[in-house]
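One-letter residues, chain by chain:
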Amino acid sequence: ALEGSNNIWQMQWMATHLDMTDPFTFKSVADSFDLDNLIDHYALQIFISNWDWPQNNVKYWRDRTGNRQWRMILWDTDLSLGLYDLNPVTFNALSNVVDCADVTKNPVTDVFKNLLDNTAFRNQFVNRYADLMNSTFKPSELDVYLYAMKDSIDEEMVYHS
């Protein structure tokens, strides 16, 4: 069940209307988000060319106690990796994020876009994406991981079908 508050909107306003090149402002926003999680989430969504994101299928959460940073949740990636012949080879998913017209449905996209104005964050994103392309996202690495996931649910798929 979904529950909680909607105070992400307050943080979204701050993160999209304030200057992220200012170190103090950047720190106050960065302290509210798990930036490693945000970067990994965006890198994966861009890599799999998810056509139904970022304008849809966005969820985030945070603990009410302890570490109260916002984190992204990966879900509903059906329209990715070529499903329905959507031609992900030519789809520019990064441009889709940066040029997303309907950001009202996804405040974290505004946050991400504004964070990219900060050189350190932009470099962190580019470096992490490159690291993932040379490790986790390599076809040989992905095959092992995806086949293990497939094998773990094979028996259940009979019941699902």
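Quick caveat, the model's predicted, so the values are computed rather than measured. (Residues numbered from 1 in each chain as written. Predicted model: local features only at pLDDT ≥ 70, side-chain atom pairs only at ≥ 80, totals over all residues. Heavy atoms only, no water.)

Q: Pulling in residues and values, what's your account of the overall build of the chain?
A: When helices and strands are tallied, the chain shows 7 helices and 2 strands. Secondary structure of the chain in N-to-C order comes out as α-α-α-β-β-α-α-α-α. For the chain, the proportion of its 161 residues judged to be buried stands at 34%. Within the chain, contacts between residues at least 6 apart in sequence are counted, and of these 67% link residues at least 24 apart. Summed over all atoms, the accessible surface of the chain reaches about 10,200 Å², with 55% contributed by carbon and sulfur. (Helix = DSSP H or I, 4+ residues; strand = E, 2+ residues; numbered from the N terminus. Buried < 20%, exposed > 50% of the residue type's maximum accessible area, 1.4 Å probe, protein only. Contact = heavy atoms within 4.5 Å. Areas by Shrake-Rupley, 256 points an atom, 1.4 Å probe, with all protein chains shown as cover.)

Q: Go over the environment of Ser32, please, and point to the residues and values.
A: Residue placement: Ser32 occurs in the loop between helix 2 (23-30) and helix 3 (35-47). Distance from Ser32 to Ala15, taken between C-alpha atoms, is 9.7 Å for residues 17 residues apart in sequence.

Q: Lay out the pattern of salt bridges in plain terms, naming residues and giving numbers.
A: Pairs can form between side chains of opposite charge whenever their charged atoms are close. Evaluated as defined, the whole model comprises 5 salt bridges. Residues Arg128 and Asp40 are paired through a salt bridge, measuring 2.6 Å at the closest nitrogen-oxygen approach. Residue Arg128 is found in helix 6 (residues 119-133), and its partner Asp40 is found in helix 3; the two are separated by 88 residues along the sequence. As a salt-bridge pair, Lys150 and Asp154 come within 3.0 Å of each other at their nearest N and O atoms. With a gap of 4 residues between them, Lys150 and Asp154 both fall in helix 7 (residues 139-160), about one helical turn apart. Several salt bridges share partner residues, and in doing so they unite Lys150, Asp151 and Asp154 into one network. (Salt bridge = Lys/Arg side-chain N within 4 Å of Asp/Glu carboxyl O.)

Q: Give me the lowdown on the nonpolar core, citing residues and values where you can.
A: In this structure, Leu35, Leu38, Phe112, Leu115, Phe121 and Phe125 are the most contacted members of the largest nonpolar core, which totals 28 residues. Those elements giving two or more residues to this core turn out to be helix 2, helix 3, helix 4 (93-98), helix 5 (107-115) and helix 6. Ranked by residue count, the leading element in this core is helix 3, at 6 residues. Those residues in contact with Phe125 that lie beyond four places of it in its chain are Ile39, Tyr42, Ala43, Ile46, Leu94, Phe112 and Leu116. (Core = buried A, V, L, I, M, F, W, Y, C linked by side-chain atoms within 4.5 Å.)

Q: Can you explain helix 3? Please cite residues and give values.
A: Given a rise of 1.5 Å per residue, 13 residues ought to cover 18 Å, and the 18 Å separating the end C-alpha atoms of helix 3 matches this to within 8%. Residues of helix 3 that are buried: Leu35, Leu38, Ile39, His41, Tyr42, Ala43, Gln45 and Ile46. Once helix 3 finishes, Ser49 follows within two positions and takes phi at roughly 50°, a positive value. (Expected span 1.5 Å × (residues − 1).)

Q: Before we move on, can you summarise a nonpolar patch on the surface with the specific residues and values?
A: On the surface, a nonpolar cluster with roughly 260 Å² of combined accessible area is contributed by Trp61, Ile73 and Trp75. Along the polypeptide, Trp61 turns up in strand 1 (residues 59-61). With a relative accessible area of 37%, Trp61 lands in the partly exposed category. (Patch = residues over 30% accessible without salt bridge, like charges linked within 9 Å, V, L, I, M, F, W, Y side chains within 5 Å.)

Q: I'd like a rundown of the packing of aromatic side chains, residues and numbers included.
A: Per the stated rule, a full pass over the model turns up 8 aromatic pairs. Between Tyr42 and Phe112, the ring centres sit 4.1 Å apart and the planes meet at 10°, which makes this aromatic pair stacked. Of this pair, Tyr42 sits in helix 3 while Phe112 sits in helix 5, and the two are 70 residues apart along the sequence. For Phe112, a relative accessible area of 0% translates into the label buried. (Phe/Tyr/Trp six-rings, centres within 6.5 Å; stacked < 30°, edge-to-face > 60°.)

Q: Break down the side chain of Gln45 for me, citing the residues and quoting the values.
A: Within the secondary structure layout, Gln45 lies in helix 3. Gln45 sits in the buried class, given a relative accessible area of 1%. Side chain to side chain, Gln45 and Asn50 meet in a polar contact 2.8 Å long. Apart from the residues lying within four places of it in its own chain, the contact partners of Gln45 are Asn50, Trp53, Leu74 and Thr77. (Polar contact = N/O pair within 3.5 Å; in protein donor to acceptor, adjacent residues only side chain to side chain.)

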